[in-house]
Number of protein chains: 2
Amino acid sequence: MSMDAVRLVEVGARDGLQNEARCLPVDTRVALVERLADCGLRTIEAGAFVSPRWVPQMAGSDEVLRRVGQRPGVTYTALVPNLQGLDMALAAGCREVAVFAAASEAFSQKNINCSIAQSLARFEPVLAKALEQGVAVRGYVSCVLGCPFTGAVPVAQVVAVTQALYAMGCYEISLGDTIGTGTPEATHRLIEACAGSVPVTALAGHFHDTYGMAVANVQAAWQAGVRVFDSSVSGLGGCPYSPGATGNVATEELVYLFEGQGVATGVDLAKLIEVGVFIDSQLQRSGESRVAKALRARIR
Amino acid sequence: MSMDAVRLVEVGARDGLQNEARCLPVDTRVALVERLADCGLRTIEAGAFVSPRWVPQMAGSDEVLRRVGQRPGVTYTALVPNLQGLDMALAAGCREVAVFAAASEAFSQKNINCSIAQSLARFEPVLAKALEQGVAVRGYVSCVLGCPFTGAVPVAQVVAVTQALYAMGCYEISLGDTIGTGTPEATHRLIEACAGSVPVTALAGHFHDTYGMAVANVQAAWQAGVRVFDSSVSGLGGCPYSPGATGNVATEELVYLFEGQGVATGVDLAKLIEVGVFIDSQLQRSGESRVAKALRARIR
């Protein structure tokens, strides 16, 4: 009897760390990635090939990617903004990379300094070269349920960007509620709309818990057919648009949610909580996972 | 055009405060209740007529209930464990009271020192007298999705206690996930089961966010037809079974969830966030509402 299953994409070492104030050395980031793999996570975003001038937290990503031990069944991915980034990722041995587009024009301009169309045009040669080398490409779409600059984002715009990334060759499109303003109903409508244009199996959900809605949104996306979710150990990362607020949904919460509903994640929750304790101490932050808090309190 | 609506029962001044380490004086508790009413909350649990030896946080509940200003459309309620408590509540002018049963035998024994059947028998004269005086009675059922002592709680047991309280004359039964271990699917199944025995309009959902599931559980219960939810400003209250962990779901989160989905709550969110800041400063605690954190950060 095969159990229903979900795939969790651990983004703590990239999306998480890049939104923490403190920069961690390569050694610590390698240890984090290795420990996450030890927990049973099978897709781990480990770095970004972006300018360390803009994102100092990701400096040395090539070394991180080079040093993490290859394990059967585990994929380490990295963000690449352009061809130069892709070349660095390829040189570091990446077998999967990710490109990053926005569903909001204002966000695209302020975040990556070009229009949505320009960003998609920039990704085309990246996709072509990556696929030619047998490297899988994942696409991120940010601001799918709201933009920090313009508020509401039309669903049709999300669908258009999703479709473009899929047509370009992204095997999976991660729909990101970057500012965490989405609700379960809006999530459900969004997934249904996107699944009208690309296979629902090519969609992933990426929810931020800034307004406490992330777990409910994950559940709504799951009900709409999504089987892949991004999350971050201990809820690493914050929200640059609401300083001090919560960022990525904690991986612990998604493991609890899914396992509690009979859906296998393959993740060892007790081990994962230890990894959260480790990385929080390195960052001198307090963790954001309520599951971790509750279980650690019970164990004490 | 009438908008879909939900009724929020604010339990911060009772279920919340009684699980905070610090005891607040009557003045502060009266101010809290008044401010909650100012936000548009229409059902506010303001105290408990229990022994101050066991629950020092609720000492002076009679004075709190006596002093809060009567307002058209606002109901102040209090917990009464027995006839003596009811008499005190009646003397303080309560027009609504609540009784408290458990769905778990072990919890009933440890929490109120009697079996479930004994507690129901004890409530019968309380209900009879209250109803005779035209005072409405709400029933709580705790441990509906798990017990801190025995783990799983059979749905049939929750249904039986719910049915008994309804048959006794409780106009509404609040189903409490006391330790916050429930998931959305379990919540949905539970509501469907209870709604097979009492009208779904007589059910309320009372979720704790100990494992970060509360908002998702509220949404699941809403989808199953529940239109009344208990919550606590700023997530007041903790979990006695997981010290340091989260307790009641924050009212701010439910206002955000419902208003964001086009469901009227009647609550002024900005004002509510100010009430949270006020009471958190009195308790010298940091708030548990992510909505409050995000909106306060944005405003700054």
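Bear in mind the structure is a predicted one, so any value in this text is a computation, not a measurement. Starting from 1, residues in each chain are numbered consecutively following that chain's sequence as written. A letter from A marks each chain and a number from 1 marks each ligand, given out in the order of writing. A pLDDT threshold of at least 70 governs which residues receive local features in this predicted model, and a stricter bar of 80 or more applies before side-chain atom pairs are shown or counted, although totals over entire chains, interfaces and linings include all residues. Side-chain numbers here rest on the full set of heavy atoms in the structure, without hydrogens or water.

## A look at the interface of chain A and chain B
We apply this condition: Note on contacts: a residue pair qualifies if any of its non-hydrogen atoms lie within 4.5 Å across the two residues. What gets called buried area is simply the loss in accessible area from a 1.4 Å probe that two parts show on being joined, summed for both. We define a salt bridge as a side-chain nitrogen of Lys or Arg found within 4 Å of a carboxyl oxygen belonging to Asp or Glu. The numbering of helices and of strands both runs from the N terminus, where a helix is a DSSP run of H or I of at least 4 residues and a strand a run of E of at least 2. Basically, the charged four are Asp, Glu, Lys and Arg, the nonpolar ten are Ala, Val, Leu, Ile, Met, Phe, Trp, Tyr, Cys and Pro, and anything else, Gly included, counts as polar.
If you look at the interface, chain A gives 35 residues, while chain B gives 35 residues. Between chain A and chain B the total buried area reaches about 2,900 Å² when both faces are included, carbon and sulfur atoms providing 54% of it. For the chain A face of the interface with chain B, the top three residues by lost area are Tyr211(A), Tyr256(A) and Arg290(A), together amounting to 27%. Inspection of the region where chain A meets chain B yields four salt bridges. One salt bridge in this structure joins Asp209(A) and Arg290(B), with 2.3 Å as the shortest N-O distance. Elements represented by at least two residues in the side of chain A that touches chain B include exactly helix 8 (184-194), helix 9 (214-223), helix 10 (251-260) and helix 12 (290-299) of chain A. Of all the elements, helix 12 of chain A adds the most residues to the side of chain A that touches chain B, at seven residues. In the side of chain A that touches chain B, the residues fall into 15 nonpolar, twelve polar and eight charged.

## Topic: the sheet that holds strand 2 (residues 43-48) of chain A
All names here are of chain A. Our working rule: DSSP calls a pair of strands paired once it identifies at least 2 bridges connecting them. For helices, the axis comes from a line fit to the C-alpha atoms of the stretch in contact; other axes are also lines fit to C-alpha atoms, and the angle between any two N-to-C directions lies between 0 and 180 degrees.
Here we have eight strands rolled up into a closed barrel, ordered 1-2-3-4-5-6-7-8, and parallel in their pairing. On average, adjacent strands in this sheet sit at an angle of 25 degrees to one another, irrespective of strand direction. The pairing of strand 2 with strand 3 (residues 75-79) spans five bridges and is classified as parallel. If you follow Thr 43 over to strand 3, its bridge partner there is Thr 75.

## A word on the relation of the copies chain A and chain B
Put simply, the rule reads: To line up the copies, we fit them by least squares on C-alpha atoms, keeping just the residues with pLDDT of at least 70 in both.
For the pair chain A and chain B, the best superposition has an RMSD of 0.0 Å and corresponds to a rotation of 180 degrees with a translation of 0.0 Å parallel to the axis. On the angle and the small slide along the axis, the relation comes out as a two-fold axis. When each C-alpha of chain A is compared by its distance to the rotation axis, Ala216(A) comes out closest, at 2.0 Å. Both copies contact each other with a shared surface, as 100% of the interface residues of chain A are interface residues in chain B too.

## A look at the UniProt feature "domain: Pyruvate carboxyltransferase" (unreviewed entry) in chain A
Heads up, the condition is: UniProt positions are given in the numbering used here, feature names are shortened, and annotations may be inferred rather than shown by experiment.
Sites flagged by UniProt as "domain: Pyruvate carboxyltransferase" (unreviewed entry) map to residues 6-273 of chain A. Spanning residues 6-273 of chain A, this segment combines 41% helix with 16% strand, and its end C-alpha atoms are found 19 Å apart.

## What to know about unusual backbone geometry
Residue and element names in this part refer to chain A. Its identity is not glycine, yet Asn 113 carries a phi of approximately 60 degrees, on the positive side. Even without being a glycine, Cys 143 presents a positive backbone phi close to 60 degrees. Examined against the element boundaries, Cys 143 turns out to sit in the loop between strand 5 (136-142) and helix 7 (155-168).

## A closer look at the nonpolar core
When a protein is soluble and globular, its nonpolar side chains tend to lie buried together. Test applied: What we call a nonpolar core is a set of buried Ala, Val, Leu, Ile, Met, Phe, Trp, Tyr and Cys residues that are connected through their side-chain atoms within 4.5 Å. Each residue gets one of three labels from its accessible area relative to the maximum for its type: buried under 20%, exposed over 50%, partly exposed in between, using a 1.4 Å probe on protein chains only.
Residues Phe229(A) and Phe229(B) are the most contacted members of the largest nonpolar core, which totals 211 residues. Leaving out residues up to four positions away in the same chain, Phe229(B) has contacts with Val6(B), Arg7(B), Leu8(B), Val9(B), Gly205(B), Phe207(B), Val218(B), Ala221(B), Trp222(B), Leu254(B) and Phe258(B).

## Thoughts on helix 7 of chain A
Residue and element names in this part refer to chain A. Basically, it comes down to this: By this rule the span expected of a helix is its residue count minus one, scaled by 1.5 Å.
The first and last C-alpha atoms of helix 7 sit 20 Å apart over 14 residues, in line with the 20 Å expected at 1.5 Å per residue. Those residues of helix 7 that are buried lie in contact with strand 4 (96-102), helix 6 (116-132), strand 5, strand 6 (172-177), helix 8 and strand 7 (203-207). One or two positions beyond helix 7, positive phi appears at Gly 169, with a value near 120 degrees.

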